[in-house]
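Observations on chain architecture
Residue-level listing of the chains:
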Amino acid sequence: MTVRHRDRVPPLVWDAAVPTLLLLNVVTTHPARELPVAAALTSALALPLLWRRRAPLAVFGAVAAAAFVQWLVDVQLPADIALLMALYTAAAHTGRRGTLLAAAVVEGGAVLACLRWAPDGAFLTPFVALSAMVVVAAVLGVNVRTTRAYLAAVQERAARLALHQQQQARLAVAEERARITREMHDIVTHNLSVMVALTDAAVYAQRRSPDRATAAMLQISETGRQALTDMRRSLGVLRADEPDAERHPLPGIAQLEALADQMGAAGLPTRLEVRGGHTHVPATAQLTVYRLVQEALTNTLKHTPAGTRATVLVECSAQAVGVDVTDSGPRPALPAAAPSGHGIPGMRERAAAYGGTLRAGPLPGGGWGVRTRLLLSNGGAASA
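All of the points below concern the structure found in this document. None of the values given here were measured: they were computed from a predicted structure.

A few words now on the packing of helix 5 (residues 81-93) against helix 7 (residues 124-205). It is the contact of helix 5 with helix 7, at a shortest axis distance of 7 Å, that shows an interaxial angle of 30°. Classified by the angle their axes make, helix 5 and helix 7 are roughly parallel. Here helix 5 and helix 7 pass one another in a crossing that is right-handed. Two secondary-structure elements touch here, helix 5 through L84, L87, Y88, A91, A92 and H93 and helix 7 through M133, V134, A137, A138, L140, G141, V142, V144, R145 and R148. Tallied by class, the residues present in the contact of helix 5 with helix 7 amount to 12 nonpolar, 2 polar and 2 charged.

Another aspect to go through is a nonpolar patch on the surface. Taken together, the side chains of F68, V69, L72, V73, L112, L115, F123, L124 and V128 present a nonpolar region at the surface, about 810 Å² in accessible area. Counting residues per element, the ones that place at least two in the nonpolar patch are helix 4 (56-73), helix 6 (96-117) and helix 7. The dominant element in the nonpolar patch, judged by the number of residues it contributes, is helix 4, at 4 residues. Secondary-structure assignment places V73 in helix 4. Classification of V73 as partly exposed rests on a relative accessible area of 44%.

Another point: the pairing of strand 3 (residues 320-327). Here strand 3 lies mainly inside the structure; 8 of its 8 residues are buried. The hairpin formed by strand 2 (residues 310-316) and strand 3 contains 3 residues between the paired strands. Relative to strand 5 (residues 368-375), strand 3 runs antiparallel, the two being bridged by 8 bridges. Across the sheet, V323 pairs through a bridge with T372, a residue of strand 5.

The rules behind the values
Within each chain, residues carry numbers counting from 1 in the order of the written sequence. Only residues with pLDDT of 70 or above have their local features reported here, since the model is predicted, and side-chain atom pairs are shown and tallied only from 80 upward, although totals for entire chains, interfaces and linings are computed over all residues. Side-chain metrics in this entry use all non-hydrogen atoms of the structure; hydrogen atoms and water are not considered. Every axis in this analysis is a line fitted to C-alpha atoms, fitted for helices over the stretch in contact. Angles between the N-to-C directions lie between 0 and 180 degrees. Working definition: helices are DSSP H or I runs of at least four residues, strands are E runs of at least two. Numbering for both runs from the N terminus. Here roughly perpendicular refers to angles of 65 to 115 degrees, roughly parallel to angles under 35, roughly antiparallel to angles over 145, and oblique to all remaining angles. In this scheme, a crossing is called left-handed if the near helix is turned counterclockwise away from the far one by less than a right angle; it is called right-handed if the turn is clockwise. In this analysis, two residues are considered to be in contact whenever any of their non-hydrogen atoms come within 4.5 Å of each other. Think of it as three bins: nonpolar holds Ala, Val, Leu, Ile, Met, Phe, Trp, Tyr, Cys and Pro, charged holds Asp, Glu, Lys and Arg, and polar takes everything else, Gly as well. Residues enter a patch when their relative accessible area is above 30% and they make no salt bridge; the linking distance is 9 Å between like charges and 5 Å between nonpolar side chains (Val, Leu, Ile, Met, Phe, Trp, Tyr). To be clear on the numbers: accessible area is Shrake-Rupley with a 1.4 Å probe, and residue cover counts the displayed protein chains and nothing else. Salt bridges are defined by distance alone: a side-chain nitrogen of Lys or Arg within 4 Å of a carboxyl oxygen of Asp or Glu. Accessible area is worked out with a 1.4 Å probe on protein chains only. A residue is then buried under 20% of its type maximum, exposed over 50%, and partly exposed in between. Only strands joined by at least two bridges in the DSSP assignment are considered to pair.

Here is the structure:
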């Protein structure tokens, strides 16, 4: 509380307190015949302290000059304490060289004062006492300067840390947006592609085979519900009141069979083969495998003619998971200026999160292939 009240008082008020007290002391203690000289010297010693924070070395020089004049006229005054205050201020606001110079000047003044005013045979005692006061004033000033520099460094470090935290928060937000964007792209693109294919099949079979048309329409309805569930699950982490994120687990390797059946119903016969056990594979890595296969099959469904067949091979080991998706259909040549979309870049980002390099392109014997290998030791859960 004392520090808080002290900080509310302007510094000039504190600086004016010492000169005021010294002038009052001179007025009340000196006889009238000595008062003019004592008051003038006291004013010369004390009044410069009002500006000691603005120009510490200039104020120290003025006070030292006034003290030297005092020594010349052979007048002893309590205002000599102003010299120690000026030394303290110089040490607190200047560097090492300025502090040493000011301390040397005051120490020289102490020698002169002891030579003139010390009792006969008692030079050493007052000299030691004055030297000790000089050292104390200089050390206190240096400590204040060091503390001030330390606090400034701490504040700067805190500011840099706060800025770093803000940058990390922005990066986390950007990564989360990218993750949600990838999830929404995979979910929407896949399910819409399947629904479009099923709708075309239902329209084609409406007159010739009403039963097949009805089955296709039911499959469309199921695909739409599945898409809504996937979207709620992916966005449910952003809402505390969304229960679907907890009711429905993340899709993984075990759901690839259902995905293959769905693609087959949409007109892309898909053969799935899973080698090795996948129970040890983390859920986020299994989600990455599922999304990679889903995106690859969706691209095949969108860009290949009827009659194309797809093969999915997933090889699980203790250290990695290999994903190989191939199809037998030719891809139509795209114009050079056509946008590449987000499918393959998104797959590359997912694979890179687990230290994998995704390769996608035409196969030597025809068809298209997507291959990657995810390293389980890389973690990558956040980016996946």
